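Structure at a glance
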Amino acid sequence: MTNNKPQVKICGLTDAEQARTCVEFGADAIGLVFYPESPRNLSEEQAREITAALPTDIRRVGVFVDEDFPFIMGKVSGCGLNAVQLHGQEDPEVIELLAREGILVIKGLFTTRKPALEDAHAYRAGGFLVECGKGTLPGGNAEVWNWGEAKTFGETYPLILAGGLTPENVADAVTAAEPDAVDVSSGVESAPGQKDMKKVQAFFENLSSAQPARNLRRIF
């Protein structure tokens, strides 16, 4: 049977009740940001409250930028994480060490800067989050881009599509790129870190109308 429904990671949660509701709508993974310059940055206490509220089968993904292995592992153990997303210029050795610990590692790659799509072979990652990489912060900065640029990449590597996704455009983005998963944050928010549940619901409803042609992988 063909699996052509992309998985969904909702990132930048700061509230446990909102995280639970996202899961009820269908989220496969919840992203928690540990990057001080982000308006969605969490304390360990906030993160533990959220991860404790989630079902055990949901991926609890810590998002980091240029942190070292001990720092990341401290958050993994202290906050109940079972996956990490690395969104900076991390050395492949850090990813190797995390993978040896049995942690799902997602590596961010970009179409406009390094690390680029052609660098994927250097990383032992369970999936690659791809976005354009413009803007002031390491993440997508709500920048809409030509998602179809990632389609060929996804034929070889596990692809998580990100950057500028909203309820209004997610079906078109998925049709263009055929990703294994999608990642959304600001596109379903009323304010940074505050998810709008009507937008979250609309995101899932509109995603269901997309029809990728290829058989999709499960990443989370």
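Okay, so let's go over this structure. Computed from a predicted model, the values in this text were never measured in an experiment. (Residues numbered from 1 in each chain as written. Predicted model: local features only at pLDDT ≥ 70, side-chain atom pairs only at ≥ 80, totals over all residues. Heavy atoms only, no water.)

**Quick word on the overall build of the chain**
What counts is decided by this rule: Here a helix means four or more residues in a row that DSSP labels H or I, a strand means two or more in a row labelled E, and each is numbered from the N terminus. Radius of gyration: over C-alpha atoms. The globule rule applied is 2.2 Å multiplied by the number of residues raised to the 0.38 power. Any residue under 20% of the maximum accessible area for its type is buried, any over 50% is exposed, and the rest in between are partly exposed; the area is computed with a 1.4 Å probe on protein chains only. Residues count as neighbours in contact if any of their non-hydrogen atoms are within 4.5 Å of one another. Throughout, the Shrake-Rupley method with a 1.4 Å probe supplies accessible areas, and for residues the shown protein chains are the sole cover considered.
On a plain count of helices and strands, the chain comes out with seven helices and ten strands. The globule rule puts the C-alpha radius of gyration for 220 residues at 17 Å, and the 16 Å found for the chain is close to it. By principal-axis analysis of the C-alpha atoms, the chain measures approximately 40 × 40 × 40 Å. Sorting the 220 residues of the chain into buried and exposed places 55% on the buried side. Taking contacts inside the chain between residues at least 6 apart in sequence as the whole, the part at least 24 apart equals 56%. For the chain, the exposed surface amounts to about 9,400 Å²; the carbon and sulfur share of it is 47%.

**Some remarks on the packing of helix 1 (residues 16-25) against helix 7 (residues 197-207)**
The criterion, for reference: Whenever a helix is involved, its axis is fitted only over the stretch in contact; in every case the axis is a line through C-alpha atoms, and angles between N-to-C directions fall within 0 to 180 degrees. An angle below 35 degrees is treated as roughly parallel, one above 145 as roughly antiparallel, one from 65 to 115 as roughly perpendicular, and anything else as oblique. Crossing handedness follows the turn of the near helix against the far one: under a right angle anticlockwise gives a left-handed crossing, and clockwise gives a right-handed one. Only Asp, Glu, Lys and Arg are considered charged in this grouping, and only Ala, Val, Leu, Ile, Met, Phe, Trp, Tyr, Cys and Pro are considered nonpolar; every other residue, Gly among them, is considered polar.
One can describe the packing of helix 1 onto helix 7 by two numbers: an axis separation of 10 Å at closest approach and a directional angle of 25°. Of the possible angle classes, the one that applies to helix 1 and helix 7 is roughly parallel. Regarding helix 1 and helix 7, the two cross each other, and that crossing is right-handed. Contacts from Gln-18, Thr-21, Cys-22 and Phe-25 of helix 1 reach helix 7 at Met-197, Val-200, Gln-201 and Phe-204. Taken together, the residues of the contact of helix 1 with helix 7 sort by class into five nonpolar, three polar and no charged.

**Looking at the side chain of Glu-189**
As a reminder, the rule being used: Polar contact criterion, stated in full: a pair of N or O atoms within 3.5 Å, where within protein one must be able to donate a hydrogen and the other to accept it, and residues adjacent in sequence count only if both atoms are side-chain atoms.
Following the sequence through the fold, Glu-189 ends up in strand 9 (residues 189-191). There is a polar contact of 2.8 Å between the side chain of Glu-189 and the backbone nitrogen of Gly-193. Of note is the side chain of Glu-189, whose polar atom sits 2.6 Å from the side chain of Lys-195. For Glu-189, the contacting residues outside a window of four places in its chain are Gly-12, Arg-40, Gln-194, Lys-195, Asp-196 and Lys-199.

**Considerations on the nonpolar core**
Grouped burial of nonpolar side chains is what soluble globular proteins tend to show. Condition: In plain words, nonpolar cores are sets of buried Ala, Val, Leu, Ile, Met, Phe, Trp, Tyr and Cys residues tied together by side-chain atoms within 4.5 Å.
Formed by 57 residues in total, the largest nonpolar core has its most connected members in Ile-10, Ile-30, Leu-32, Val-84, Leu-86 and Leu-98. Once you skip the residues sitting within four places of it in the chain, Leu-98 turns out to touch Phe-69, Ile-72, Met-73, Val-84, Leu-86, Ile-103 and Val-105. Of all hydrophobic cores here, the second largest spans eleven residues; its members include Ala-29, Val-61, Ala-83 and Ala-181.

**Description of helix 4 (residues 92-100)**
For an α-helix the count is 3.6 residues per turn, leaving residues at separations of three or four pointing the same way. We apply this condition: This arc is taken over the directions from the axis of the helix to the C-beta atoms.
When helix 4 is considered as a whole, its buried residues turn out to be Val-94, Ile-95, Leu-98 and Ala-99. Axial view of helix 4: buried residues confined to an arc of 135°, hence all on one face. Of the exposed residues in helix 4, the ones pointing more than 90 degrees away from its buried face are Glu-93 and Arg-100. For helix 4, the elements touching its buried residues are helix 3 (69-79), strand 4 (83-86) and strand 5 (104-110). Backbone nitrogen of Glu-93 and a side-chain oxygen of the N-cap are separated by 2.7 Å at the start of helix 4; the cap is Asp-91. The positive-phi residue at the C-terminal boundary of helix 4 is Gly-102, with phi of around 80°.

**Re helix 6 (residues 170-177)**
Along helix 6, the positions that sit buried rather than exposed are Val-170, Ala-171, Ala-173, Val-174 and Ala-177. Projected onto a plane normal to the axis of helix 6, the buried residues spread over an arc of 160° and lie on a single side. Packing partners of the buried residues in helix 6 comprise helix 5 (151-154), strand 7 (159-161), strand 8 (181-184) and helix 7. Positioned one or two residues after helix 6, Glu-178 has a phi angle of 50°, which is positive.

**A short note on the pairing of strand 4**
Going by this rule: Handedness rule for crossovers: strands pointing away from the viewer, path from the first strand over the helix to the second running clockwise, crossover right-handed. Any two strands with at least two DSSP bridges between them are considered paired.
Here strand 4 shows no split at all, with Ala-83 and Gln-85 on one side and Val-84 and Leu-86 on the other all buried. With helix 3 bridging strand 3 (residues 59-64) and its parallel neighbour strand 4, the resulting β-α-β unit is right-handed. Where strand 4 lies against strand 5, four bridges are found, and the strand directions are parallel. Bridged to Ala-83 within strand 5 is Leu-104. After leaving strand 4, the chain enters helix 4 and then returns to the sheet as strand 5, a path that is right-handed.

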